[in-house]
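Architecture and fold: a report
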Amino acid sequence: MRSFRWVPVTLFVLFVVVRAGRIGDLLSTGTFVEQTLVALTFTLLAAIIWLTITPWPEVLSKFFKPFDVRIASLVLGAIMILAVFAPIASGHHPNTQLDLVNGQLLPPSLAHPFGTDFVSRDLWSRVLFGARVSLMIGVLAVTMAITIGTMVGMAAGYFGGWVELVLMRLVDAGLSIPRVFWLLVIVSLWGTTDIYVLILIIGLTGWFSTSRLVRAEVLRIREEDFVVAARGLGISEAGIVIRQILPNVVPPIIVNATLGIGQVILVEAGLSFLGFGVQPPWPSWGTIIQDGSARIIAAPWIVTVPGVAIALTVVSLAILGDRLQTTLNPRDSAQF
Amino acid sequence: MTPMLELRNVTKRFADHRLRSNITAVDNVSIEIPAGTRMGLVGESGSGKTTLARCALRLSNADAGEITFDGTRLDHISGNELRRIRTQFQYVFQNPYLAFNPRTTIRQSIAEPMLVHGICNRGNAEKRVTKLLERVELSADLGGRYPHELSGGELQRASIARALSVKPRLLVLDEPLSALDVSLRSQMLTLFDRLRQELSLTYLLISHDLGVVAHHTDTVAVMHSARIVEFGQTELVLSKPAHPYTRDLLLSVPSVDPKHHKTLTSTGQITGHSENTEGCRYFARCGHSMKDEQCERKQPQLKGTAMASVACHHVVPDRESKG
């Protein structure tokens, strides 16, 4: 399957060739940011070509060996590249209303690959720009949530006693109030709905279940003989937590994180619906679905496209997370 | 000879949430292990052998009692002081596959305690690990493998190498042979004997194989239902057992010679731990001909000398005079 390595580079070259006209336009008339993006495209192209022709270290080629992992990384890579290079890849500005008289709810066509929405905006462009927001919120908020959740869970599980009591009652309280309510309260107290504030808020309300999961794992692992052995050998508490327990709680955290990203994308959609998420006219995958849901019969492609994008992202992340887990576990990684 | 490890009235209880009460796993146990000797600890599963040994090395905390290691009260210290003294005594676990972190290589597992205690530095760690592996008759290239890639015998040796890495003086071996193939056991015992001579170690060997205990220990303590019921010189205890439980334990050893087939004197069902028995814990199973009301009401105490002591109301007089 060596030839598979040529697929990403072929796709990327195709992307540059198809959008050559747009690249030329941006180079001559674009803003500074857009020109930087063009430069970045060619840097990335060079990097991908270099990666394709040089032999990979064993770890990497081992990681990408299974077919589903290749497909998943290809899909996720494509989505990420399209998001980053959205100004190049999209034909229109995502918020421009192209033709309010004749261009509403157009079905997919060559001019508009995914059709247009009810105010005649190009859906392809909106999905690409929406990917930027959704992926950023998803990745950053989940990173934040699992970091807090892991630290709280480890502390509660390992130290026990009143530390555990206080932390876990806090988590119980957090879980007993619906997340949307949490978000609404914080958002209205905060007063703004800047995207970074949104990430912070979603991250701050997302760690409760992670901390419970981590605590349960730590409770199980800290009684294992190898932890008792480490203590018996005079290794410090900090050493035990970092080198004995943490590596063994990573797998469930990875699973939790991959599923969490999909969840956060949907939470953001819900917030947008209530008027607190990404502010219109700017798109995110969630807001596009919200917009389209009212016209699901007349224009089913509006909800389908971002829906499929979310599903592809989540499934690809899950496959890669699963693979990462297998590679990290010496028992499993020896088997293939 | 001053004892290397001395336990006085050590008690350990576990909470049983189902019964809403405590289970006493170790009940008021006192033992001494003199430096340079080999002590055996025998008894059926669940009698508290492992709990006792783990309490003795502060791997778990006893609820009551004094534990003295070489003049230091282990039950009084904690933190860094305890971490430092831990290098003096080490515990070898029954199942080596559970005793190693599955995500680190053997070499990392053995090197870490040495680095922590400053026995070696990053530069010479590799060399020291190789030396330790050779000491337990393992080839150095096994060091780069993960625990599941080693056989039970190899991993148990690695586990001993890890215990030896911090240069201990006392080694507690918790059924070190039970996870091994029978053919490997004698090799392992030879290794224990050699290490003891080379490093002048003191052993506490937990086992239910009386044959092993007979040949490889100087003294033996017999445990039943959280208490020590008989203690003494191995030869004496095993040749002339004074407690009915010890006798039954010896009779239960399977023999290859059909002529030596013996029947157990014990009767009744094997009962679990019971907190309510005021009397002898072995009462229900005891096949002693002189079993009486006193046995049912009063708990027998361990009586005798350092050579031999028994916790039974009806010790054979012949044995008592010898003690």
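Residues numbered from 1 in each chain as written. Chains lettered and ligands numbered in written order. Predicted model: local features only at pLDDT ≥ 70, side-chain atom pairs only at ≥ 80, totals over all residues. Heavy atoms only, no water.

A closer look at the overall build of chain B
What chain B contains, in helices and strands, is 12 helices and 12 strands. Relative to the globule expectation of 20 Å for 323 residues, the C-alpha radius of gyration of chain B, 21 Å, shows essentially globular dimensions. In terms of its C-alpha atoms, chain B occupies a principal-axis envelope of roughly 70 × 50 × 45 Å. By the burial criterion, 49% of the 323 residues in chain B qualify as buried. If you take every contact in chain B between residues at least 6 apart in sequence, the share linking residues at least 24 apart comes to 63%. When the accessible surface of chain B is summed, it comes to about 15300 Å², and 50% of that surface belongs to carbon and sulfur atoms. (Helix = DSSP H or I, 4+ residues; strand = E, 2+ residues; numbered from the N terminus. Rg over C-alpha atoms; globule rule 2.2 N^0.38 Å. Buried < 20%, exposed > 50% of the residue type's maximum accessible area, 1.4 Å probe, protein only. Contact = heavy atoms within 4.5 Å. Areas by Shrake-Rupley, 256 points an atom, 1.4 Å probe, with all protein chains shown as cover.)

Some remarks on the sheet that holds strand S12 (residues 308–310) of chain B
Residue and element names in this part refer to chain B. What the 8 strands build is an open sheet, ordered S6-S7-S8-S3-S9-S10-S12-S11; its pairing is mixed. Where the open sheet ends on each side, the last strands, each with one partner, are strand S6 (89–92) and strand S11 (303–304). Running at roughly 170 degrees to S6, helix H6 (residues 152–164) makes contact with S6 and strand S7 (170–174) of the sheet. (Pairing = 2+ DSSP bridges. Axes fitted to C-alpha atoms, helices over the stretch in contact; angles between N-to-C directions.)

Notes on the domain arrangement of chain A
One frequent convention defines the size of an interface as the accessible area lost when the parts assemble. Partitioning chain A into structural domains gives domain 1 (1–78) and domain 2 (137–304 + 321–332). Each of domain 1 of chain A and domain 2 of chain A was reduced to a C-alpha centroid, and the two centroids are 30 Å apart. (Domains from an automatic or database assignment.)

Quick notes on the interface of chain B and chain A
On the side of chain A, 20 residues touch chain B, which itself brings 21 residues to the contact. Surface buried jointly by chain B and chain A totals about 2100 Å² across both partners, of which 55% is contributed by carbon and sulfur atoms. It is Arg103(B), Glu112(B) and His148(B) that lose the most area in chain B upon contact with chain A, and together they represent 31% of the buried surface on that side. Applying the counting criterion to the chain B and chain A interface returns 2 salt bridges. Along the contact surface separating chain B from chain A lie 14 residue pairs in polar contact (both at pLDDT 80 or more). Looking at the side of chain B that touches chain A, the elements with two or more residues in it are helix H3 (96–99) and helix H4 (106–116) of chain B. (Buried area = accessible area lost by both parts, 1.4 Å probe. Salt bridge = Lys/Arg side-chain N within 4 Å of Asp/Glu carboxyl O. Polar contact = N/O pair within 3.5 Å; in protein donor to acceptor, adjacent residues only side chain to side chain.)

Regarding the pairing of S7(B)
Residue and element names in this part refer to chain B. Among the 5 residues of S7, 5 are classified as buried, and the element is accordingly described as predominantly covered. Side chains Leu170, Val172 and Asp174 project from S7 onto one buried face, and the interleaved Leu171 and Leu173 project onto a second face that is buried too. Pairing analysis gives 4 bridges linking S6 to S7, with the strands arranged parallel. Paired with Phe89 across the two strands is Leu170, which belongs to S7. One crossover worth recording links S7 to the parallel strand S8 (residues 202–206) by way of helix H7 (residues 182–199), and it is right-handed. (Right-handed = clockwise from strand over helix to strand, strands pointing away.)

Description of helix H7 (residues 123–159) of chain A
Residue and element names in this part refer to chain A. Across its 37 residues, H7 extends 52 Å between first and last C-alpha, which sits within 8% of the 54 Å expected from 1.5 Å per residue. The buried fraction of H7 amounts to 26 of the 37 residues, a majority that puts the element mostly inside the structure. Note on H7: the residue one or two positions beyond its end, Gly160, has a positive phi of about 60 degrees. (Expected span 1.5 Å × (residues − 1).)

Some thoughts on the pattern of salt bridges
It is possible for side chains bearing opposite charge to pair when their charged atoms get close. All names here are of chain B. This structure, assessed with the given rule, holds 29 salt bridges over all chains. Ionic pairing is found between Asp75 and Arg73, a salt bridge with its closest N-O pair at 2.8 Å. Between Glu137 and Arg157 there is a salt bridge, and its shortest N-O distance comes to 3.1 Å. On the criterion of sequence distance, the pair formed by Glu137 in the loop between helix H5 (125–135) and H6 and Arg157 in helix H6 is long-range, its members being 20 residues apart.

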